[in-house]
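# Overview (structure and organization)
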Amino acid sequence: MKPSPEPGDLRERALGLLARREHSRVELARKLERAGFAKDDIGPLLDAFEAKNWLSDRRFAESYVADHRASAGSIKLAYDLRQRGVGDSVIESVLGDNRDSELDRAREVWQKKFGAAPTDMAEKARQIRFLQSRGFTPEVIRRAISNGND
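Just so it is clear, the model here is predicted, and its values are computed rather than measured.

### Brief notes about the pattern of salt bridges
Applying the stated criterion across every chain yields a total of eleven salt bridges. Between arginine 84 and glutamate 27 there is a salt bridge, with the nearest N and O atoms lying 3.8 Å from each other. Of this pair, arginine 84 sits in the loop between α5 (74–83) and α6 (88–96) while glutamate 27 sits in helix α2 (residues 25–34), placing them 57 residues apart in sequence. Looking at glutamate 27, the relative accessible area reads 10%, which means it is buried. The shortest N-O distance in the salt bridge between arginine 105 and glutamate 102 comes to 3.8 Å. Here glutamate 102 and arginine 105 lie together in helix α7 (residues 102–113), a separation of three residues that amounts to about one turn. When salt bridges that share partners are traced, they join Arg21, Glu27 and Arg84 into one network.

Given below as structure tokens:
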């Protein structure tokens, strides 16, 4: 059994995690709870961090989307952000800024993986499943596979 951490260590642990990368509030709270800190101590600390703008779900979402948009569509990005505790309004706002480039991203992902139009229905189905697994919408997939002939 690991010893419980000192209450004074909570602030330093949280700052250390935020110094490495952006975190959502839920994600940071989970990590701090797993480290053995009390929930009653975590909430007020995170409130203070948000007041100082050291912790921001919007900034986390923007950072996450920037890091993962090259290989994932809006459906997958939204799912991943929800799993990390980001609210729907923040997700919609952040992903709304990136909708214009989704077709281009889908074409890049498709080109890198396949590079050629499907030759039969089985190959087309395989390519569609691949792009679906990356979180692209059916309309974007159809247009990406049509090889730019919109």
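Once you've had a look at it, read on.
### Some points on α7
Each full turn of the α-helix corresponds to 3.6 residues, which orients residues three or four apart in the same direction. Helix length check: α7 (twelve residues) gives 17 Å between terminal C-alpha atoms against 16 Å at 1.5 Å per residue, within 8%. Within the sequence span of α7, burial applies to Glu102, Leu103, Arg105, Ala106, Val109 and Trp110. All buried residues of α7 fall inside an arc of 160° around its axis, so they share one side. For α7, the exposed residues lying more than 90 degrees away from the buried face are Glu108 and Lys112. One or two residues past the end of α7 sits glycine 115, with phi positive at roughly 75°.

### Side note on helix α9 (residues 138–145)
Those residues of α9 that sit buried are Val140, Ile141, Ala144 and Ile145. The buried residues of α9 occupy one face: seen down the axis, they fall within an arc of 120°.

### Quick notes on the nonpolar core
By size, the foremost hydrophobic cluster in this structure holds 14 residues, and its most contacted members are Leu28, Leu32, Ile42 and Leu46. For this core, the elements supplying multiple residues, two or more each, are α1 (9–20), α2 and α3 (39–51). Contacts of leucine 28, omitting those with residues within four sequence positions, involve Ala14, Leu17, Leu18, His23, Leu46 and Leu55. Membership of the second largest hydrophobic core comes to 13 residues, among which are Ala61, Tyr64, Ala78 and Val90.

### A few points about the side chain of aspartate 57
Tracing the backbone through its elements, the reader meets aspartate 57 in helix α4 (residues 57–68). Buried charge without a partner: aspartate 57 forms no salt bridge, and the closest opposite charge is arginine 25, 7.1 Å away. In this structure the side chain of aspartate 57 is engaged in a polar contact, spanning 2.8 Å, whose partner is the backbone nitrogen of arginine 25. In this structure, aspartate 57 is in contact with Ser24, Arg25, Gly85, Val86 and Val90, ignoring residues within four places of it in sequence.

### Quick look at the packing of aromatic side chains
Under the criterion given, the structure shown has three aromatic pairs. Ring centres of phenylalanine 114 and phenylalanine 130 lie 5.5 Å apart, and the angle between their planes is 90°; on these two criteria the pair is classed as edge-to-face. Separated by 16 residues along the polypeptide, phenylalanine 114 in the loop between α7 and α8 (121–133) and phenylalanine 130 in helix α8 bring together distant segments of the chain. Taking the relative accessible area as the measure of exposure, phenylalanine 114 reaches 18% and is therefore buried.

The rules behind the values
- Residues numbered from 1 in each chain as written.
- Predicted model: local features only at pLDDT ≥ 70, side-chain atom pairs only at ≥ 80, totals over all residues.
- Heavy atoms only, no water.
- Salt bridge = Lys/Arg side-chain N within 4 Å of Asp/Glu carboxyl O.
- Helix = DSSP H or I, 4+ residues; strand = E, 2+ residues; numbered from the N terminus.
- Buried < 20%, exposed > 50% of the residue type's maximum accessible area, 1.4 Å probe, protein only.
- Expected span 1.5 Å × (residues − 1).
- Arc of directions from axis to C-beta.
- Core = buried A, V, L, I, M, F, W, Y, C linked by side-chain atoms within 4.5 Å.
- Contact = heavy atoms within 4.5 Å.
- Lys, Arg positive; Asp, Glu negative; His and termini not counted.
- Polar contact = N/O pair within 3.5 Å; in protein donor to acceptor, adjacent residues only side chain to side chain.
- Phe/Tyr/Trp six-rings, centres within 6.5 Å; stacked < 30°, edge-to-face > 60°.

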